[in-house]
Amino acid sequence: MGERFTLIGDVPTDTRAEFAADIEEGLRSAPRRIACRWLYDEKGSRIFEEICELKEYYPTRAETEILEVRSPRIVELVGSGVTCVELGSGNSIKTRLLIDAFLESTSELDYVSVDISPSAIRSGARDLLAAYEGLSVTGIAGEYRRGFEWMAANSEKKKLVLWLGSNIGNLDRPGGEAFLREIRRHMTRDDHLLMGVDLRKDKETLEAAYDDPGGVTARFNLNVLSRINAELGGDFDLDAFTHEVLYEVEAGRVVTNLVSLRDQRVRIAALEVEFEFTDGEHIHTEDSHKYSPGEIDELAARSGFERVEHWSDAGGRFSLELFSPGSTA
């Protein structure tokens, strides 16, 4: 990919040991849990791409719709000379809409892709560089903190930080506020944050989005048990667990679980331990928090951001928020 691509932090880590330790801790907890980050192995990521194409799963289409219409306005508000820094970039497909808009007004653009997967960064960079002659890509392989380290080391650059896909929903509400504060701490007064937020809506729509009739979301959730079997020598019987989704209206939270269908024992060889599950027992795998417009206002204020503008899709399902860190940054 030549001079236009730089990869930082591509250091092999023992993710299997981290995976094993986290699984053991989670399955020993009460209630049992598996962190949602472990859902996204190579197979899980492919299944999630299937999910994004489902008619029931509206968030990707809704956010894309907003970007298709509003990207020129975002570029106008942010101004020229910007470096785009995307947190959790994945394959950067939606980001192309913003890149198109920026490169219509300038001949060159720097894009920083922060993702846990070096292979996803390389694949995304390869496609982007082939499509855009004026683009330069810096890939940062690691957790979000690696992106913050880059931002701190490049504070002189004017930045547009992208946190798309309503990733804030995977954090509880105090955690979402704390993470926004952390983003803001690494921004200067000329920077901006563009964040996707899924909005509160009716129970039926939300539960269908996370539990589609075709069972794709169920395959995605159950795949984490397949991963434990493959990587840690587990003997989970996938037919002995089912996918469960519940929307807690008052909390504004979609809760995703795996539920044991019988009393059973599961051995995980790498942990040298056997776990007993009772009929109906839950393993919590993911939360997805939804926000009302008023809750977004409060979130921005509590985390120290000022709203510049915000946009919704035609169906009012999703919000794209442009924030500035304010005069005290």
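What you see is a predicted model; the values in this text were computed from it and never measured. Here the residue numbers are simple positions, counted from 1 along each chain's written sequence. Since the coordinates come from a predicted model, pLDDT governs what is reported: local features require at least 70, and pairs of side-chain atoms require 80 or more to be given and counted, while whole-chain, interface and lining totals use all residues. The basis for every side-chain value is the complete set of heavy atoms in the structure, and neither hydrogens nor water enter the calculation.

Peer 1: Describe in detail the environment of Ala269, supporting the description with residues and values.
Peer 2: Numbering goes from the N terminus for both helices and strands, where a helix is a DSSP run of H or I of at least four residues and a strand is a run of E of at least two. Secondary-structure assignment places Ala269 in the loop between β10 (264-268) and β11 (273-277). On the basis of relative accessible area, Ala269 is assigned to the partly exposed category, the value being 39%. Between two residues, a contact is recorded if the distance between any of their heavy atoms is within 4.5 Å. Apart from residues lying up to four places away in sequence, Ala269 is in contact with Leu232 and Gly233. Burial classes: relative accessible area under 20% of the type maximum marks a residue as buried, over 50% as exposed, and values in between as partly exposed (1.4 Å probe, protein chains only).

Peer 1: Give me the pairing of strand β13 (residues 306-312): which residues, what numbers.
Peer 2: Pairing between strands is defined by DSSP: at least two bridges between the two strands are required. In terms of strand pairing, β13 meets strand β14 (residues 318-324) through six bridges, oriented antiparallel. Each bridged residue has a counterpart across the sheet, and for Glu309 the counterpart in β14 is Leu322. Between β13 and the antiparallel strand that follows it, β14, lie five residues; Gly316 among them carries a positive phi value of about 65°.

Peer 1: How would you sum up the sheet that holds strand β4 (residues 109-115)? Please name residues and give values.
Peer 2: Pairing between the strands of a sheet comes from backbone hydrogen bonds, and it takes one of two forms, parallel or antiparallel. If you trace the eight strands from one edge of the open sheet to the other, you get β1-β5-β4-β3-β6-β7-β14-β13, paired in mixed fashion. Edge strands, defined here as strands with exactly one partner in the open sheet, are β1 (5-8) and β13. On average, each strand axis in the sheet is inclined to that of its neighbour by 20°, with strand direction left out of account. Pairing geometry for β1 and strand β5 (residues 135-141), over four bridges, is parallel. Residue pairing across strands places Leu7 opposite Gly139, the latter belonging to β5. All axes here are fitted lines through C-alpha atoms, helices being fitted over the stretch that makes contact, and every angle between N-to-C directions spans 0 to 180 degrees.

Peer 1: So what's going on with the nonpolar core? Which residues, and what values?
Peer 2: Residues belong to one nonpolar core when they are buried, are Ala, Val, Leu, Ile, Met, Phe, Trp, Tyr or Cys, and are joined through side-chain atoms within 4.5 Å. In terms of nonpolar packing, the biggest core is built from 37 residues, with Ile23, Ile34, Leu225, Ile228, Phe236 and Ile268 touching the most fellow members. With seven residues, helix α9 (residues 216-232) is the largest single contributor of residues to this core. Setting aside chain neighbours within four positions, we find Phe236 in contact with Leu27, Leu225, Ile228, Asn229, Phe241, Val266, Ile268 and Phe277.

Peer 1: Let's hear about the packing of helix α1 (residues 15-28) against α9: which residues, and what values?
Peer 2: Running from N to C, α1 and α9 cross one another at 125°; their axes reach a closest spacing of 11 Å. When the axes of α1 and α9 are compared, the pair comes out oblique. In this structure, α1 meets α9 at a crossing whose hand is left-handed. Listed contacts from α9 to Arg16, Phe19, Ala20 and Ile23 of α1 are Arg227, Ile228, Glu231 and Leu232. For classification purposes, angles smaller than 35 degrees are called roughly parallel, those larger than 145 roughly antiparallel, those between 65 and 115 roughly perpendicular, and all remaining angles oblique. By definition, any crossing whose near helix is turned counterclockwise from its far helix by less than a right angle is left-handed, and any crossing with a clockwise turn is right-handed.

Peer 1: Hey, could you go over the pattern of salt bridges for me, with residue numbers and the actual values?
Peer 2: The working definition used for a salt bridge is a side-chain nitrogen of Lys or Arg within 4 Å of a carboxyl oxygen of Asp or Glu. For the coordinates displayed, the defined rule picks out 32 salt bridges. Among the salt bridges present, the one from Glu281 reaches Arg32, with a minimum N-O distance of 2.8 Å. Taken as a pair, Glu281 in the loop between β11 and β12 (282-289) and Arg32 in strand β2 (residues 32-33) lie far apart in primary sequence, 249 residues in all. Its relative accessible area of 12% is what places Arg32 among the buried residues. A salt bridge links Lys94 to Glu63; the nearest nitrogen and oxygen atoms lie 2.4 Å apart. Pair noted here: Lys94 is in the loop between β3 (82-87) and α4 (95-105) and Glu63 is in helix α3 (residues 59-78), with a separation of 31 residues, a long-range link. The same class applies to Lys94 and to Glu63, which are both buried. Linked by salt bridges that have partners in common, Glu177, Arg181, Glu298 and Arg302 make up one network.

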